[in-house]
Amino acid sequence: MINGIFWTVPIASIIALAFAVLFFKQMMKNSEGTDRMVTIAEHIRKGAMAYLKQQYKVVGIFFLIMTLLFSIMAYGFNLQNPWVPFAFLTGGFFSGLAGFFGMKTATYASARTANAAITSLNGALKIAFRSGAVMGLVVVGLGLLDISIWFIALNYFYPIEIGDGHNLVIITTTMLTFGMGASAQALFARVGGGIFTKAADVGGDLVGKVEAGIPEDDPRNPATIADNVGDNVGDVAGMGADLYESYCGSILATSALGAAAFMGNSDMQLKAVIAPMLIAAVGIILSILGIYLVKTKEGATQKELLESLSRGINISSILVIVFSLGILYLVDIENMMGIWGAIIVGLATGTVIGKATEYYTSATYKPTQKIAKSTEFGAATVIISGLGTGMISTTIPVLAVVMGIILSFLFASGFNFNNMGLGLYGIGIAAVGMLSTLGITLATDAYGPIADNAGGNAEMSGLGEEVRKRTDALDSLGNTTAATGKGFAIGSAALTALALLASYIEELRIGLLRIGETVLEFSNGTNVSIATATLTDFMNFYDVNLMNPKVLVGMLVGSMMSFLFCGLTMNAVGRAASKMVEEVRRQFREIPGILEGESVPDYARCVEISTKGAQREMLLPASLAILVPILVGLIMGVPAVVGLMVGALVSGFVLAVFMANSGGSWDNAKKYIEEGHLGGKGSRAHKAAIIGDTVGDPFKDTSGPSLNILIKLMSMVAIVMSGLTVAFSLL
Amino acid sequence: MEINLYLSIMPEALIASMLSPQEFGSYFAVGTKKRTRGQAMFFKLKRDFKSDYLKIDDIEKRCVPDEDGTPKRSKYISIYRVLEHVPMKSIENLYLVTDDGRVLELKREEYIDNENDALHLYQQLGPVRPLIASSLNPPDFCKILTDTTQPVSVPKLVFVELILNGLANDPENAPLDNIPYQNIDHMRGCLINLKKKPSKPNKTVVRSTQNDILYRTCKNGFFIGDNETMFYYPMPTREKLEGEYYAWWKSALTQGFNY
């Protein structure tokens, strides 16, 4: 029997979606402005939708193939949970849907934000932020809705009151597999979107700014619209799908760990399973409250604008801490204060990572100013100092996650390192705590590209100086929040991946039972029932220790994957950008009157080139992310898969922080010089800074953010394919 | 079709054209095929002057539309020692062209010296292009450089005063901040020398500059003069540039990306 308080979860998800619809409708009531503004917005909307249509075609084929494969495994060979094909599909569908709604809203909001900026900064902030909130609320709303539907449906087929808690393990591990669909969708969205946006940005800049000498966002540049489309497909649809996956992944992995931790105590087991869902539900309501707190006054400074956004997030976070204690009290979960401590640890870890990101990437602080200073000695020193700063910047986030892992483990386990089950549950709860305010934190992320596009629209439409100043202020704020959001996404991915690592063992249990195994037979002759085996039993059985070469090999391959993936995506940007360069050059050459502003460039062609380039280039890295865990499992078995997951997690997490922060600090070092330091615009320092920024573009917007998903997707593939691994591994 | 006469400063040339100043500037910067780009600066001239050196009497015969009726974009009249042979009274407005063909028209105004800066930085634009640090104000600088009785002089001079910010009064300690010039330490040294030796009014910072002018570094405006007369073409204020001439200004700020 499902606990009555559980119904708060679907209700919260519906409330989130209702507010998303409300904010969308409120935004649509505003005017898009002049004919020119409407035309520009239409170009961007059409381009973005054309991209998504093409992307969904490619992803659709991929999903079809994978669903068929899962169906054969499940129904043909009994190697797979029979629900996996459906769970995989719904995960992918809802993840894609979240990205689609977010992007649709963003493309409607940018012109409206620019138009509102004609009269008021606060009005423009409100439209941009609440449109960003549509994305945040759609992600959390659809995420919790999907979780609720599956929980209710699976409870029908596997009643939780029957089977002494075993059914709850089946339910949670089955639900976890929908994360693979979400991860796969997210990877395509992030990698494809990342390649698209940077191909358009770098390609457009290289010819427009460097060769033709025309400024950014100039309507004479044929790649301008593609650049604006890229902001939407990369930073809105891609980020939305990414965090949808993290959000659901953290809740589901924690539920699975909760089911495992309290095996044999079905009452407490159910409470442990629904607790993460309830915390997420409370987070939704408090995020909505926080969204209403974001407002500013006319003529606000940058600091005041940032404060207004921070106010919403901070108040939501504090209230989550307070209300989650109430929820845990109502649920009456074991070690309530310890679990609550883990939630606080999660939120604190997220905040520390966000602040560290801000410190290393904002020009207000020394690290970025030092990179700016290094521009005086040329491009090489800028690259060196940016790489160095990025590497150093990994220290605080890594230590924050280390502290987060230890503290949440200790709090939840009652300061007992041997209480592995509850300790790991605590780590999962910390990830849920960190992501509980995703409704509002994602709003600040999605707000960035909306403000950026509003600035582009104001520029291309020739709106007045005061309007451009307002949109510039909003855009600048968006850059800061985007950098912080990326740090947050990476931190949550690390904790989620760790929870997934532990969940993998639970999937092994189910996989073994499915192929008819009932006991773990150890070399010393002892037997342990699979149904009741602990996590440590599984580790011992599969010999998962650092002296096992299979584990080491897996770790090395996992580490290599992070670098291989980054290399492939960075080269992909280079190739796609070169095609854009050729096209922009062709248009300048063949369409008379572009540079004089007398004829309109062929914007659609540039969007098409970026789209095709992104689709073509994303296939190899995405396929590798899926195939490598399967192959490693089939060849070297469980120990190597665990090693692979660990290797990808530790290298991918650090590499992602490094790349995101290096890219962010190069970008802001350039902006710092453009503000009038070190010679300002046009100086040699500026030229060197531009080179740094161009190198940093794929760092921060393509490869770095995609690593989050790589880590999670490889874990998810390992989880979903665990049946195959235990049945067929060669070594 | 009306024929206009333009005195190009970069490079120094006298050009006849059937294009208006705006059209000519755009054409001059990026051509017709958009395969070139380059900053340009030119004065519009009255056609009422006579010159034995510059053959402009038969300009109607030489500057004719193309066979298909297209206006003649440019007919070079002369490319050598043009500036010195153009009378001051024939010089009209100045046009500043960005390297992607945006044109800003500057009108002549009387120069009023109401500054207290002790030091100045002048970029000579024609006929020679040294960068000079000076303790003289623009009229005095123009006068001394166009005094043909002196061994180092030119008959006529086009120049622009560039920003020095705090260095204008405190070259030893003022921060460099928004000053984008190359070899800045040498420039600071030149300014300190000038301050220490008032008897020497000018000091060459760069013998001949090859780069485009960063329009944003223009302190007050452009000057053209001989030993008798000096014309001053003030730049619009920053507010006006950002408001009324935004497209030109944004393009001007993008200059300098010529790798």
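Residues numbered from 1 in each chain as written. Chains lettered and ligands numbered in written order. Predicted model: local features only at pLDDT ≥ 70, side-chain atom pairs only at ≥ 80, totals over all residues.

## A closer look at the overall build of chain A
When you go through chain A residue by residue, the secondary structure sums to 21 helices and two strands. Taken against the 2.2 N^0.38 rule, which gives 27 Å for 731 residues, the C-alpha radius of gyration of chain A at 25 Å falls within 12% of a compact globule. Within chain A, buried positions represent 66% of all 731 residues. Intrachain contacts of chain A at a sequence separation of at least 6 include 83% that bridge at least 24 residues. (Helix = DSSP H or I, 4+ residues; strand = E, 2+ residues; numbered from the N terminus. Rg over C-alpha atoms; globule rule 2.2 N^0.38 Å. Buried ≥ 20, exposed ≤ 12 C-beta atoms within 10 Å, placed from the backbone. Contact = placed C-beta atoms within 7 Å.)

## Here we look at the overall build of chain B
When its secondary structure is counted, chain B shows six helices and 12 strands. In terms of overall dimensions, chain B is globule-like: its C-alpha atoms have a radius of gyration of 19 Å, near the 18 Å expected for 259 residues. Taken over the C-alpha atoms alone, chain B extends approximately 65 × 40 × 30 Å along its principal axes. For chain B, the proportion of its 259 residues judged to be buried stands at 39%. The long-range fraction of contacts in chain B, counting pairs at least 24 apart against all pairs at least 6 apart in sequence, stands at 69%.

## Let's talk about the environment of Lys126(A)
Residue and element names in this part refer to chain A. Looking at the secondary structure, you find Lys126 in helix α4 (residues 121–157). C-beta crowding within 10 Å serves as the criterion here: with 20 such atoms nearby, Lys126 is assigned to the buried category. Sequence separation between Lys126 and Ser385 is 259 residues; the distance between their C-alpha atoms is 38 Å.

## Some remarks on the pairing of strand β5 (residues 91–97) of chain B
Residue and element names in this part refer to chain B. Most of β5 sits inside the fold, with five of its seven residues counted as buried. Where strand β3 (residues 40–45) meets β5, five bridges bridge the pair, whose relative direction is antiparallel. The residue bridging Met41 from the neighbouring strand is Leu96, located in β5. Sheet analysis places β5 next to strand β6 (residues 103–106), joined by four bridges and oriented antiparallel. Across the sheet, Tyr95 pairs through a bridge with Glu105, a residue of β6. Taking the residues between adjacent antiparallel strands as the criterion, β5 and β6 are bridged by five residues, where Gly101 takes a positive phi near 90°. (Pairing = 2+ DSSP bridges.)

## Brief notes about the sheet that holds strand β1 (residues 4–8) of chain B
All names here are of chain B. Taken in spatial order, the six strands make up an open sheet running β4-β2-β1-β3-β5-β6, and their pairing is antiparallel. Sheet topology places β4 (75–78) and β6 at the edges, where each strand pairs with a single neighbour. For this sheet the average axis-to-axis angle between neighbouring strands, irrespective of direction, equals 30°. (Axes fitted to C-alpha atoms, helices over the stretch in contact; angles between N-to-C directions.)

## Some details on unusual backbone geometry
Residue and element names in this part refer to chain B. The omega torsion across Met10 and Pro11 is -5°, close enough to zero to call that bond cis. Examined against the element boundaries, Pro11 turns out to sit in the loop between β1 and β2 (13–17). Here the amide bond leading from Gly126 into Pro127 is cis, since omega sits at 5°, within 30 degrees of zero. Within the secondary structure layout, Pro127 lies in the loop between β7 (120–126) and β8 (131–134). Not every positive phi belongs to a glycine, and Arg81 is a case in point at roughly 50°.

## Here's the deal with the environment of Val345(A)
With respect to the secondary-structure elements, Val345(A) resides in helix α10 (residues 336–361). Along the sequence, Val345(A) and Ser408(A) sit 63 residues apart, while their C-alpha atoms lie 6.2 Å from each other.

## Structural notes on helix α16 (residues 465–514) of chain A
Most of α16(A) is tucked away, with 41 of its 50 residues classed as buried. Once α16(A) finishes, Gly516(A) follows within two positions and takes phi at roughly 95°, a positive value.

## Re the nonpolar core
All names here are of chain A. Of all hydrophobic cores here, the largest spans 321 residues; its most connected members are Ala128, Val139, Leu710 and Met714. Tallying contributions element by element places helix α19 (residues 603–674) first for this core, with 29 residues. One finds Val382, Ala669, Tyr672 and Ala685 within the second-largest nonpolar core, a separate group that totals 13 residues. (Core = buried A, V, L, I, M, F, W, Y, C linked by C-beta atoms within 7 Å.)

## Remarks on the sheet that holds β8(B)
Adjacent strands of a sheet form backbone hydrogen bonds with each other and so pair up, either parallel or antiparallel. All names here are of chain B. The sheet built from six strands is open, its strands ordered β10-β8-β7-β9-β11-β12 with antiparallel pairing. In this open sheet, the two edge strands, each paired with only one partner strand, are β10 (202–206) and β12 (230–234). With strand direction ignored, the average angle separating the axes of adjacent strands in the sheet is 30°. Direction of pairing for β8 relative to β10: antiparallel, over a ladder of four bridges. Residue pairing across strands places Ser134 opposite Asn202, the latter belonging to β10. Sheet strands in contact with helix α4 (residues 184–196) are β8 and β10, and its direction is about 175° off that of β10.

## Focus on the packing of helix α3 (residues 84–117) of chain A against helix α7 (residues 224–261) of chain A
All names here are of chain A. The geometry of α3 relative to α7 is characterised by a closest axis approach of 8 Å and an angle of 145° between their N-to-C directions. For the pair α3 and α7, the crossing hand works out as right-handed. Mapping the contact onto sequence places Ser95, Gly96, Ala98, Gly99, Phe100, Gly102, Met103, Ala106 and Thr107 in α3 and Asn232, Val233, Val236, Ala237, Gly240, Ala241, Tyr244 and Glu245 in α7. Here the contact of α3 with α7 is composed, by residue class, of nine nonpolar, seven polar and one charged. (Left-handed = near helix turned anticlockwise from the far one by under 90°. Nonpolar A, V, L, I, M, F, W, Y, C, P; charged D, E, K, R; others polar.)

## A short note on the packing of α3(A) against helix α15 (residues 438–460) of chain A
Residues and elements named next belong to chain A. At a closest axis distance of 8 Å, the pairing of α3 and α15 adopts a crossing angle of 50°. Here α3 is positioned oblique relative to α15, judged by the angle of their axes. The two elements α3 and α15 meet at a crossing, and its hand is right-handed. Between α3 and α15, the contacting residues are Gly102, Ala106, Ala109, Ser110, Ala111, Thr113, Ala114 and Ala117 on the first element and Ala446, Pro449, Ile450, Ala451, Asn453, Ala454, Asn457 and Ala458 on the second. Looking at the contact of α3 with α15 residue by residue, the class counts come to 11 nonpolar, five polar and no charged. (Parallel < 35°, antiparallel > 145°, perpendicular 65-115°, else oblique.)

## Observations regarding helix α20 (residues 684–720) of chain A
Residues and elements named next belong to chain A. Taking 1.5 Å of rise per residue, 37 residues should cover 54 Å, and α20 covers 53 Å from first to last C-alpha, within 8% of that figure. By the largest-angle criterion, Gly696 marks the main kink of α20, which is about 35°, and a proline, Pro698, follows within four residues. In terms of burial, α20 is a largely internal element, 35 of the 37 residues being buried. (Expected span 1.5 Å × (residues − 1). Bend = angle between axes of the 7 residues up to and from the residue.)

## Topic: the confidence of the model for chain B
Looking at chain B, the pLDDT average stands at 90 and 96% of residues meet or exceed 70. Put simply, helix α6 (residues 246–254) of chain B is where chain B has its lowest mean pLDDT, 85, and β12(B) is where it has its highest, 97. (pLDDT = per-residue confidence, 0-100.)

## What to know about the environment of Gln210(B)
All names here are of chain B. The residue Gln210 is located in the loop between β10 and β11 (218–225) in this model. Taking the C-beta count within 10 Å as the criterion, Gln210 has 6 such neighbours and is therefore assigned exposed. Along the primary structure Gln210 and Leu253 are separated by 43 residues, whereas in three dimensions their C-alpha atoms are 18 Å apart.

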